[in-house]
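# Report on the structure
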Amino acid sequence: MKSIMEYQGKLLNHVETLYRPGERELAIELALALGCAITDTGFKGDGVDTFLAVHPNPEDQNSQNNVFYMSQIRPEQLAVEARLKRLSEEESDFARLLENYRVAARTKPFGVPHFALRYLSGRDVEDAAERINTSLKPKLKDRLHLRIFRPEDADAAGENVIQGFLYQDVIVSGSFLMGQLIEMQTRP
Ligand SMILES: [Fe+2]
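Cut-offs used in this document
Residues numbered from 1 in each chain as written. Predicted model: local features only at pLDDT ≥ 70, side-chain atom pairs only at ≥ 80, totals over all residues. Heavy atoms only, no water. Helix = DSSP H or I, 4+ residues; strand = E, 2+ residues; numbered from the N terminus. Rg over C-alpha atoms; globule rule 2.2 N^0.38 Å. Buried < 20%, exposed > 50% of the residue type's maximum accessible area, 1.4 Å probe, protein only. Contact = heavy atoms within 4.5 Å. Areas by Shrake-Rupley, 256 points an atom, 1.4 Å probe, with all protein chains shown as cover. Lys, Arg positive; Asp, Glu negative; His and termini not counted. Charge placed at Lys NZ, Arg CZ, Asp CG, Glu CD. Polar contact = N/O pair within 3.5 Å; in protein donor to acceptor, adjacent residues only side chain to side chain. Axes fitted to C-alpha atoms, helices over the stretch in contact; angles between N-to-C directions. Parallel < 35°, antiparallel > 145°, perpendicular 65-115°, else oblique. Nonpolar A, V, L, I, M, F, W, Y, C, P; charged D, E, K, R; others polar. Core = buried A, V, L, I, M, F, W, Y, C linked by side-chain atoms within 4.5 Å. Domains from an automatic or database assignment. Phe/Tyr/Trp six-rings, centres within 6.5 Å; stacked < 30°, edge-to-face > 60°. Lys NZ or Arg CZ within 6 Å of the ring centre and 35° of its normal. Donors = N, O, S within 2.8 Å, 3.2 Å for Na, K, Ca; no water.

### Overview of the overall build of the protein chain
- Counting secondary structure elements, the protein chain contains 4 helices and 9 strands.
- Relative to a compact globule of 188 residues, whose C-alpha radius of gyration would be 16 Å, the protein chain shows 17 Å and is just as compact.
- Across its three principal axes, the protein chain shows a C-alpha extent of roughly 55 × 45 × 30 Å.
- Buried positions account for 40% of the 188 residues belonging to the protein chain.
- Of the contacts made within the protein chain by residues no fewer than 6 positions apart, 57% connect residues no fewer than 24 positions apart.
- Approximately 10,600 Å² of the protein chain is accessible, and the part contributed by carbon and sulfur atoms is 53%.
- Side-chain charges of the protein chain comprise 23 positive and 28 negative groups, with the mean position of each set lying 2 Å from the other.

### Description of helix 1 (residues 24-33)
- Counting buried positions along helix 1 yields 7 of 10 residues, so the element is predominantly enclosed.
- Arg24, Leu26, Ala27, Ile28, Leu30, Ala31 and Ala33 are the residues of helix 1 that are buried.
- Of the residues trailing helix 1, Gly35 is marked for its positive phi of about 95 degrees.

### Here we look at the environment of Val54
- Structurally, Val54 is set in strand 3 (residues 52-55).
- Along the backbone, Val54 and Thr39 are 15 residues apart, and their C-alpha atoms lie at a distance of 6.6 Å.
- Not counting residues up to four positions away in its chain, the partners in contact with Val54 are Ala31, Cys36, Ala37, Ile38, Asn66, Val67, Phe68 and Met70.

### Some words on the side chain of Glu183
- Along the polypeptide, Glu183 turns up in strand 9 (residues 180-186).
- Polar contacts involving the side chain of Glu183 include one to the side chain of His114, which spans 2.9 Å.
- Ignoring any residue separated from it by four or fewer positions in sequence, one finds Glu183 in contact with His114, Phe115, Ala116, Leu117, Gln163, Gly164 and Phe165.

### Some points on the packing of helix 2 (residues 75-90) against helix 3 (residues 92-107)
- With their axes 5 Å apart at the nearest point, helix 2 and helix 3 run at an angle of 110 degrees to one another. With respect to each other, helix 2 and helix 3 are oriented roughly perpendicular. Where helix 2 approaches helix 3, its residues Leu84, Leu87, Ser88 and Glu90 are matched on the opposing element by Ser92, Phe94, Ala95 and Leu98.
- For the contact of helix 2 with helix 3, the residue count by class is 5 nonpolar, 2 polar and 1 charged.

### Overview of the nonpolar core
- Leu34, Met70 and Ile171 are the most contacted members of the largest nonpolar core, which has 30 residues in total.
- Looking at this core, the elements that each hand over two or more residues are helix 1, strand 3, strand 4 (67-72), strand 5 (114-118), helix 4 (122-140), strand 6 (144-149), strand 7 (162-168) and strand 9.
- Two domains each provide a minimum of three residues to this core, namely domain 1 (4-72) and domain 2 (75-186).
- Not counting chain neighbours up to four residues away, the residues in contact with Leu34 comprise Leu117, Tyr119, Ala128, Arg131, Ile132, Leu166, Ile182 and Met184.

### Regarding the packing of aromatic side chains
- If you walk through the whole model with that rule in mind, you get 5 aromatic pairs.
- With a centroid separation of 5.7 Å and 90 degrees between ring planes, the pair formed by Phe149 and Phe165 is classed as edge-to-face. Of the two residues, Phe149 is situated in strand 6 and Phe165 in strand 7; the sequence distance between them amounts to 16 residues. Pair check on accessibility: Phe149 and Phe165 agree, each one buried.
- The ring of Phe149 carries the charged tip of Arg147 above its face, separated from the ring centre by 4.1 Å.

### Things to note about the coordination of the iron ion
- Every protein donor of the iron ion is listed here as His114 (NE2) and Glu183 (OE), and their distances to the metal cover 2.0 to 2.2 Å. Of this pair, His114 sits in strand 5 while Glu183 sits in strand 9; the two residues are 69 residues apart in sequence, bridging distant segments of the chain.

### Considerations on the side chain of Asn57
- By secondary structure assignment, the location of Asn57 is in the loop between strand 3 and strand 4.
- Sequence-distant contacts of Asn57, defined by excluding residues within four places in its chain, comprise Met1 and Asn66.

In structure tokens form, the structure reads like this:
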């Protein structure tokens, strides 16, 4: 297999994700369950922890390409998240809207913001799903939902595609309150 550095064209470079204070180990566990390898970049920026680089292809641990990063949420966003959480606890209207969104993210993921990892086979997707369901689901309970779309499903997106949609709020590239979908996709 060619390494990503051998590809000379433009590409989608990286995704930046965050975890909550105290959940670095949980974030690592999630990335490992997805079948990725993790390296520590040693880079801290303005954060309290170093950035972790997550490699979808464990055999090609390039820290700048084909990678997503995980680091701890910054105080500015934490303040916004805390305010929104309070609002959701105080205002039933807002709580209902938020719950509607979460239900849509769990059940109709096409059209909900996400990023996707490509797997080499449907078996690889099923294996990752099993790791997630075994190691993380009991721990995270309602914070994690995993749905697999198989070609024979009535609402599948394509005839030959197996897609796993993992909805969780351990690592997000947006709002913790709205959670993050991660797609696991392959062509069997
Ligand atoms: Fe997608």
